[in-house]
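# Structural overview for review
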Amino acid sequence: MCRRRKYLLLHFSLQVRFTMNLDRSFYVPAKSILHSLNPLTKLTLVFALISFAFFSFPWMAPVLILPVFIMGFVGKVQKQYLNVFAKLILPAIGFMFIMQSLFLPGGETLVFKFSIFDIYTETIRTAFLTVSRIFVMISSFTLLLLTTHPSELMSDLTGRGLPGQFAYVIISTLQIIPQMQAKAQTIIAAQRSRGLDTQSTFRKRVGALVPLVGPLVFGSLVEVEERAIAIEARGFTSNRTKTSLYEIPDSSFDKALRWVLVLLVIISIVSRIWLS
Amino acid sequence: MEILTQNLVYFIVVIAIMVLLFVWAYITKRMQKDFSTTTWVLIPVAIAINLTIGQIVLVLKLPVYLDSIGTVLVGVICGPWAGALTGALSNIIAGMILDPGWFPWFPVAAAIGATAGVMANIGYFKNWWKVVVTGFVIAVVATIVGTPIAIVVYGGISASGSSIITAFLLETGRSLLASVLTTNFIAEPLDKIATSLLAFAIIDGLSARYLSRFPRGENAAVEKGQKTTQLVIALVVVVLLILFGIFVLPSITGG
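Residues numbered from 1 in each chain as written. Chains lettered and ligands numbered in written order. Predicted model: local features only at pLDDT ≥ 70, side-chain atom pairs only at ≥ 80, totals over all residues. Heavy atoms only, no water.

The next subject is the interface of chain B and chain A. Listed per partner, the contact involves 61 residues of chain B and 62 residues of chain A. Between chain B and chain A lies a buried interface of about 5,500 Å² when both sides are counted; carbon and sulfur atoms form 80% of it. Along the contact surface separating chain B from chain A lie 2 salt bridges. A salt bridge links Arg213(B) to Glu225(A); its shortest N-O distance comes to 2.7 Å. Along the contact surface separating chain B from chain A lie 9 residue pairs in polar contact (both at pLDDT 80 or more). Those elements that provide at least two residues to the side of chain B that touches chain A are α3 (37–60), α5 (80–97), α8 (163–171), α9 (176–205) and α10 (208–211) of chain B. The residue inventory of the side of chain B that touches chain A, partitioned by class, reads 44 nonpolar, 12 polar and 5 charged. (Contact = heavy atoms within 4.5 Å. Buried area = accessible area lost by both parts, 1.4 Å probe. Salt bridge = Lys/Arg side-chain N within 4 Å of Asp/Glu carboxyl O. Polar contact = N/O pair within 3.5 Å; in protein donor to acceptor, adjacent residues only side chain to side chain. Helix = DSSP H or I, 4+ residues; strand = E, 2+ residues; numbered from the N terminus. Nonpolar A, V, L, I, M, F, W, Y, C, P; charged D, E, K, R; others polar.)

Structure follows, in structure tokens:
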């Protein structure tokens, strides 16, 4: 019972970022320029990079590839970033690049023929553009997540007027997921030991879905009611402004950088529309 | 350039309609009514259900994703706005802990939750055959929302297994739009109907007392006197509609 109460308290306190252990997030603690920037500034930077890659001139996306890599080194997260790049980004964009250069329609200049596949210069160019856009988008998000703790971002956004409920949803989801995954592992092991077949024919595997999903879902839904009463008793729906335990620094450099980025985004989009 | 401005106009119109809907629901207090404390507590659990069941399905090696059961559940018992929020946050959180490639798909997940909520509001989540229809409608909406994202962001062929079908269709000489639409139309209904049926099975197992805690709990009141024939007819009709769609879609979108 005591443990349950502690768990509920953890759920409700949104500012416990230094005490709780979120082993499922990408965050890597370090001291760097990227880590010390305000979370909102980093978010603006991510959206600015995405906007440059997608809505500005087509040459922008390939040009941005190198700066994004350098940003990983500036943020001192190059090891983790390269790890994510090798495991998640490279396989995805590699597959996309090969498939798109082989199959996208609309090519004219034939580069070479390989059995049934015709490869054209234009298709390769389109595929490369798409892939570099995806690279910039996913990499900048990855860098944001590597250098910003989720609850730091949520605290900052809550301080700027985002309803506290959103912060509650995101932070408590990040806590519930590891628990629920552990529960799922237990259920899979328990049902297997009772003789549930999870590996043979298709029909048996479909049949295994309900005995695995059922206990997991009902078990976690039962807790909802209790938790709702508990956080209601702690003033969850109160409209008063909540005070924050941690101050997140927002320097004048951050503010200036945000305005510069917004201005650059507007200039890049307007010039693209104007010049084309 | 002309294509660009044309698409931009569509984009602005769609955004404007959504903003108007949002403002209307906010001013008439329809939205606030759905976001009670129980809703806010259910949303994190639903997101965790989405992601965990996605992993169980990977263990079982089934050809579906089933990563929106929680979204459909919230949409049905807490209303379309809560469903949409669950879907969107579900993808954002999957992007935060699994793979940032999930971020761009959040409008699809939001549309799935909203559609489930709207269908439940008009009473289409009360017995098995109606749930099959709901699943099909969700799949159609997911296709309509997902296709532009697949084309604009990923250039048509994304890094998922179903893009092999897209590649095959492109090789048979169809246009990019037709190929992506057809691929989604083949892949989505199976997944979304299975998702809706599982969500319905879960709701069926919850007590009426528990459901009454949620703002739209009455949407999930299961009807008496269900017949297997109705379910079979609904499934057959849906399969026919999918086959019909696969042959008709390319000619609508111009080859």
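This is not the end of the story, as more comes after the structure.
Residues and elements named next belong to chain A. In this model, chain A carries an average pLDDT of 83, and 91% of its residues clear a pLDDT of 70 or more. Summarising per-element confidence for chain A, the mean pLDDT is lowest in helix α1 (residues 2–12) (38) and highest in helix α3 (residues 39–55) (92). Confidence drops under pLDDT 50 across residues 1–22; counting only partners more than four residues distant or on other chains, this segment forms 40 contacts. (pLDDT = per-residue confidence, 0-100.)

As far as domains go, chain A holds domain 1 (27–148) and domain 2 (160–234). A separation of 34 Å is found between the C-alpha centroids of domain 1 of chain A and domain 2 of chain A. (Domains from an automatic or database assignment.)

This part covers the nonpolar core. With 121 residues, the main nonpolar core has Met137(A), Leu221(A), Ile53(B), Ile77(B) and Phe125(B) as its most contacted residues. Looking at this core, you find at least three residues from each of domain 1 (27–148) and domain 2 (160–234) of chain A. Listed in part, the 10 residues of the second largest apolar core include Val132(B), Phe185(B), Val238(B) and Leu249(B). (Core = buried A, V, L, I, M, F, W, Y, C linked by side-chain atoms within 4.5 Å. Buried < 20%, exposed > 50% of the residue type's maximum accessible area, 1.4 Å probe, protein only.)

This paragraph deals with empty space enclosed by the protein. Residue and element names in this part refer to chain A. Tallying each qualifying case throughout the model produces 2 cavities of 30 Å³ or more. Counted as a void, the largest cavity has a volume near 60 Å³. As for the largest cavity, its lining consists of Leu 34, Lys 42, Leu 45, Val 46, Met 71, Ser 140, Leu 143, Leu 144 and Thr 147. Ranked by residues supplied to the lining of the largest cavity, first place goes to helix α6 (residues 121–147) with 4 residues. Residue composition of the lining of the largest cavity, grouped by class: 6 nonpolar, 2 polar and 1 charged. (1 Å grid on protein atoms, 1.4 Å probe; cavity = no way out; pocket = protein on both sides within 12 Å on 5 of 7 lines; lining within 4 Å. Points joined across faces, edges and corners; volume = space filled by probe spheres on them.)

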